[in-house]
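Residues per chain are reported as follows:
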Amino acid sequence: MGAPQKIMKVIIFDLDGTLVDAYRAVWLSLNMAFKAVSLPRVSYQVVKKSVGWGERRLVAKFVPLEKIDKTLKIYRQSHRKALMKGVRFLPGAKKLIGDLHQKGYKLAIASNRPTEFCELILKILKVRKYFNIVLCADRVKCPKPAGDILKEILKRLEAKTSEAIYIGDMAIDVQTGRRANVKTIAVTTGSSSRSEILKEKPFQIISNLQELSF
């Protein structure tokens, strides 16, 4: 990766579609909630393309305004159970996390998921101990695509933007990196297509995490 390797101290990851695959858990939980409020099912592919903006915006995409709060409550209850069996690492993610930790990098998660579910996923997969910071949409004033979440992580870690790399799977992640002035690597294992990512001009595009070398 050239020069950035020499000064890299902090590596920030998005979670869903970048490190883990929890799409099936989201899909099952949403459809259970939709059924409970008498709304039609939504396909897996539609759900996968719709995530990344936070759970309220996800639900609001399919649910009338007056049913959002009720649907969201049912979704959250179902999702806690669905994640127990419905989340897995993406190829290369577990090894990458362990290797980076061993090399002394400071690691962080920046996600538009609520903190509760991010922490649950990391606990289920037994990797929470590797991350210095887990910062989610419910703990910042403006979530992604605003740059606040990355700026706050770097502030807490006392690191400069030039000392960090952000890795995400969506166009929204590249937008976030640009607004925080943090170089962003986009991996095409998530919700955005390569063409959607290319439009945002990330620092680098990779097909999977196994292509990374730090």
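Nothing here was measured: the structure is a model prediction, and the numbers come from that model.

Thoughts on the overall build of the protein
Within the protein one finds ten helices and eight strands. In terms of C-alpha radius of gyration, the protein reaches 17 Å, essentially the compact-globule figure of 17 Å for 214 residues. For the protein, with 214 residues in total, the buried portion stands at 56%. Considering only intrachain contacts with a sequence separation of at least 6, the fraction spanning at least 24 residues in the protein is 65%. Carbon together with sulfur atoms contributes 52% to the accessible area of the protein, which is approximately 10,600 Å² in total. Side-chain charges in the protein split into 40 positive and 19 negative, and the spacing between the mean points of these groups amounts to 3 Å.

Some words on the pairing of strand β4 (residues 106–111)
Taking burial as the measure, the six residues of β4 include five buried ones, the bulk of the element. Pairing geometry for strand β1 (residues 10–13) and β4, over four bridges, is parallel. Bridging across to β4, Val10 finds its partner in Lys106. Where β4 meets strand β5 (residues 133–136), four bridges bridge the pair, whose relative direction is parallel. What sits directly across from Ala108, in β5, is Ile133. For the crossover that starts at β4, traverses helix α7 (residues 115–124) and ends in the parallel β5, the hand is right-handed.

Details of the packing of aromatic side chains
Taken as a whole and judged by the stated rule, the model has three aromatic pairs. With 5.9 Å between their ring centres and 85° between their planes, Trp27 and Tyr44 make a pair best called edge-to-face. With a gap of 17 residues between them, Trp27 in helix α2 (residues 23–36) and Tyr44 in helix α3 (residues 44–50) connect regions that are remote in the sequence. Judged by its relative accessible area of 15%, Trp27 falls in the buried class. Over the aromatic face of Phe203 sits the side chain of Lys183, whose NZ or CZ is 5.6 Å from the ring centroid.

Describing the sheet that holds strand β7 (residues 183–187)
The six strands are arranged β5-β4-β1-β6-β7-β8 in an open sheet whose pairing can be described as parallel. In the strand order of this sheet, the two ends are held by β5 and β8 (204–206), each with one partner. The mean angle between the axes of side-by-side strands here comes to 20°, regardless of whether they run parallel or antiparallel. The sheet contact formed by β7 and β8 spans three bridges and is parallel. By the bridge assignment, Ile185 is partnered in β8 with Gln204. Against the sheet, helix α8 (residues 148–157) engages β1, β4, β5 and β6 (164–168), with an angle of about 155° to β5.

Thresholds applied
Along each chain, numbering runs from 1 in the same order as the chain's sequence is written. Only residues with pLDDT of at least 70 are given local features in this predicted model, and only at 80 or more are side-chain atom pairs given and counted; all residues enter the totals for whole chains, interfaces and linings. Each side-chain value is derived from all of the structure's non-hydrogen atoms; neither hydrogens nor water enter the calculation. Note on conventions: DSSP H or I runs of at least 4 residues are helices, E runs of at least 2 residues are strands, and numbering of each starts at the N terminus. Computation of the radius of gyration draws on C-alpha atoms, with the globule rule given as 2.2 Å multiplied by the number of residues to the power 0.38. In this scheme, a residue with accessible area under 20% of its type's maximum is buried, one over 50% is exposed, and one in between is partly exposed, where area comes from a 1.4 Å probe on protein chains only. We call two residues in contact when some of their heavy atoms are within 4.5 Å. Only the protein chains shown count as cover for residues, and the accessible areas themselves come from Shrake-Rupley with a 1.4 Å probe. Asp and Glu are treated as the negative residues and Lys and Arg as the positive ones, with His and the ends of the chain left uncounted. Charge placement uses NZ in Lys and CZ in Arg. For Asp and Glu, CG and CD serve respectively. Pairs of strands are assigned from DSSP output, requiring at least two bridges between the strands. When the strands point away from the viewer and the path from the first strand over the helix to the second turns clockwise, the crossover is right-handed. Between 30 and 60 degrees the pair is tilted, below 30 it is stacked and above 60 it is edge-to-face, where a pair is any two Phe, Tyr or Trp rings, Trp via its six-membered ring, whose centres lie within 6.5 Å. Only Lys NZ and Arg CZ are tested; either one counts as a charge over a ring when it is within 6 Å of the ring centre and within 35 degrees of the ring normal. Whenever a helix is involved, its axis is fitted only over the stretch in contact; in every case the axis is a line through C-alpha atoms, and angles between N-to-C directions fall within 0 to 180 degrees.

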